Amino acid sequence: MSETIERQDEIRAAVLAAKNVVRRFGGLVAVNDVSFDVWPGEILGLIGPNGAGKTTMFDLLAGSILPTSGDIFLNGVQVSGEAAHRRIERGLGRTFQIPRPLPNLTLIENVMLAAQGQAGEKLLANFLAPRRVAAEEKAGEKKALELLELVALTHLAHEPARVLSGGQRKLLELSRVMMADPAIILLDEPAAGVNASLLEVIIDRIRDINARGITFLLIEHNIDMVTRLCHRVLVMASGQLLCEGTADEVARDPRVIGAYLGGAA
Ligand SMILES: Nc1ncnc2c1ncn2[C@@H]1O[C@H](COP(=O)(O)OP(=O)(O)O)[C@@H](O)[C@H]1O
Ligand SMILES: [Mg+2]
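Rules used throughout
Residues numbered from 1 in each chain as written. Chains lettered and ligands numbered in written order. Predicted model: local features only at pLDDT ≥ 70, side-chain atom pairs only at ≥ 80, totals over all residues. Heavy atoms only, no water. Helix = DSSP H or I, 4+ residues; strand = E, 2+ residues; numbered from the N terminus. Rg over C-alpha atoms; globule rule 2.2 N^0.38 Å. Buried < 20%, exposed > 50% of the residue type's maximum accessible area, 1.4 Å probe, protein only. Areas by Shrake-Rupley, 256 points an atom, 1.4 Å probe, with all protein chains shown as cover. Lys, Arg positive; Asp, Glu negative; His and termini not counted. Charge placed at Lys NZ, Arg CZ, Asp CG, Glu CD. Axes fitted to C-alpha atoms, helices over the stretch in contact; angles between N-to-C directions. Parallel < 35°, antiparallel > 145°, perpendicular 65-115°, else oblique. Left-handed = near helix turned anticlockwise from the far one by under 90°. Contact = heavy atoms within 4.5 Å. Pairing = 2+ DSSP bridges. Salt bridge = Lys/Arg side-chain N within 4 Å of Asp/Glu carboxyl O. Domains from an automatic or database assignment. Buried area = accessible area lost by both parts, 1.4 Å probe.

Under an unreviewed UniProt entry, the name given to the protein chain is ABC transporter ATP-binding protein, and the source organism is Mesorhizobium waimense.

A few words now on the overall build of the protein chain. When helices and strands are counted, the protein chain shows 11 helices and 10 strands. Against the 2.2 N^0.38 benchmark of 18 Å for 265 residues, the protein chain shows a C-alpha radius of gyration of 19 Å, consistent with a compact globule. Counting only C-alpha atoms, the protein chain reaches 60 × 45 × 35 Å along its principal axes. Evaluated residue by residue, the protein chain yields a buried proportion of 47% over its 265 residues. In the structure as shown, the protein chain presents an accessible area of about 13200 Å², 54% of it carried by carbon and sulfur atoms. When the 28 basic and 32 acidic side-chain charges of the protein chain are each reduced to a single mean position, those positions are 5 Å apart.

Packing of helix 7 (residues 166-178) against helix 8 (residues 196-211) leaves a shortest axis separation of 9 Å and a crossing angle of 15°. Considered as vectors, helix 7 and helix 8 are oriented roughly parallel to each other. Crossing hand, helix 7 versus helix 8: left-handed. On helix 8, the residues that touch Gly167, Gln168, Lys170, Leu171, Leu174 and Met178 of helix 7 are Leu198, Val201, Ile202, Arg205, Ile206 and Ile209.

Our focus in this paragraph is unusual backbone geometry. Unusually for a residue other than glycine, asparagine 75 sits at a positive phi of about 50°. Here asparagine 75 lies in the loop between strand 4 (69-74) and strand 5 (77-78). One non-glycine residue, glutamate 189, lies in the positive phi region at around 50°. Here glutamate 189 is to be found in the loop between strand 7 (184-188) and helix 8.

Take the sheet that holds strand 1 (residues 16-25) next. With antiparallel pairing, the 4 strands of this open sheet are ordered in space as 2-1-4-5. Bordering the open sheet on either side are strand 2 (28-38) and strand 5, each of which pairs with just one other strand. Two strands pair when backbone bridges link them, and strand 4 and strand 5 are joined in this way by 2 bridges, in the antiparallel orientation. Of the residues in strand 5, the one forming a bridge with phenylalanine 73 is glutamine 78.

A few words on the pattern of salt bridges. A complete count under the given rule lists 11 salt bridges for this structure. When the shortest N-O distance is used, the salt bridge between glutamate 42 and arginine 232 registers 2.8 Å. Here glutamate 42, found in the loop between strand 2 and strand 3 (43-47), pairs with arginine 232, found in strand 9 (residues 232-237); they are 190 residues apart in sequence, far enough to count as distant. The burial state of glutamate 42 is the same as that of arginine 232; both residues are buried. Across the pair arginine 94 and aspartate 59 runs a salt bridge, and its minimum N-O distance is 2.9 Å. With arginine 94 in strand 6 (residues 92-95) and aspartate 59 in helix 2 (residues 54-62), this pair connects stretches of sequence that are 35 residues apart. In this structure arginine 94 comes out as buried when scored by relative accessible area, which is 13%. Several salt bridges share partner residues, and in doing so they unite Glu42, Arg232 and Glu244 into one network.

The next thing to look at is the sheet that holds strand 8 (residues 215-219). Read from one edge to the other, the open sheet built from 6 strands follows the order 6-7-8-3-9-10, with strand pairing classed as mixed. Two strands lie at the open edges of the sheet, namely strand 6 and strand 10 (240-245), each paired on one side alone. Each adjacent strand pair in this sheet contributes to an overall mean axis angle of 20°, direction not counted. As defined by bridge partners, strand 7 adjoins strand 8 across 5 bridges and the pair is classed as parallel. When the sheet's bridge partners are listed, leucine 187 is paired in strand 8 with leucine 218.

The subject of this paragraph is the domain arrangement of the protein chain. The domain architecture assigned to the protein chain consists of domain 1 (2-98 + 180-262) and domain 2 (102-163). Using C-alpha coordinates to define each centre, domain 1 is positioned 29 Å away from domain 2. Residue-level contacts link 9 residues of domain 1 with 6 residues of domain 2. Between domain 1 and domain 2, a total of about 610 Å² is buried, with carbon and sulfur atoms accounting for 53% of that surface. When residues of domain 1 are sorted by the area they lose upon contact with domain 2, Ala180, Arg205 and Arg212 head the list and together hold 53% of the total. Our count for the domain 1 to domain 2 interface comes out at 1 salt bridge.

In structure tokens, the structure reads:
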């Protein structure tokens, strides 16, 4: 019983927590009884061989799919059944492995679009309080520009998003996610397909954003990036949590080495 109370205290203190989360796809158990906490201010890595269940875990945390059983907590609040947009409002930001900005809108327009608020609401407000809407738009533009500066894309602010390279799209995605003032950002393979020099920019930007107090959960195959960025690393294999530790600790763990060798199939 005391163990349960201790777990409840941990869940309350965590930015994001998973408790005995299971997700089945037909006969396949993609995520099998996974529990973990993400502490405020940390950069937590999530690694594991292909098919381990990492992206499914992200989908469950973000609310794009619901768990078969188990619970997810955001800032101590149980959100297991909540839609993805509600979780965004509660401070969860998520980037995708392949970002798809609107190609013909400028970078600044793409970032501004990520702000909260419904189009319908805005139309009505525009009619009732046009000055307030204009002022909000101005503030939104300023914030979008600051965020583009944060990810080193100021020089392209007025270019259409279609001119960006794959790595620059990932930086744009990061600034978009920041527009909603997240408490935690889930990043799915930010290094995939990014050239070496832009990867350094992405690592620096993640550090800067983390220094502002924003927590990260990061799926990544690039072990150099994981070692340099992550305070702690979780390893998943075959839907289960295998172990956790520093990047060096898990890289030396025979169970982790075994999972990667076995997972090659
Ligand atoms: N929508 C789905 N329907 C059926 N099976 C799925 C679905 N999504 C993922 N899976 C399966 O779940 C397992 C875990 O996949 P995934 O979470 O993508 O792993 P990872 O991101 O670690 O590579 C895989 O066997 C995958 O084929
Ligand atoms: Mg994946």
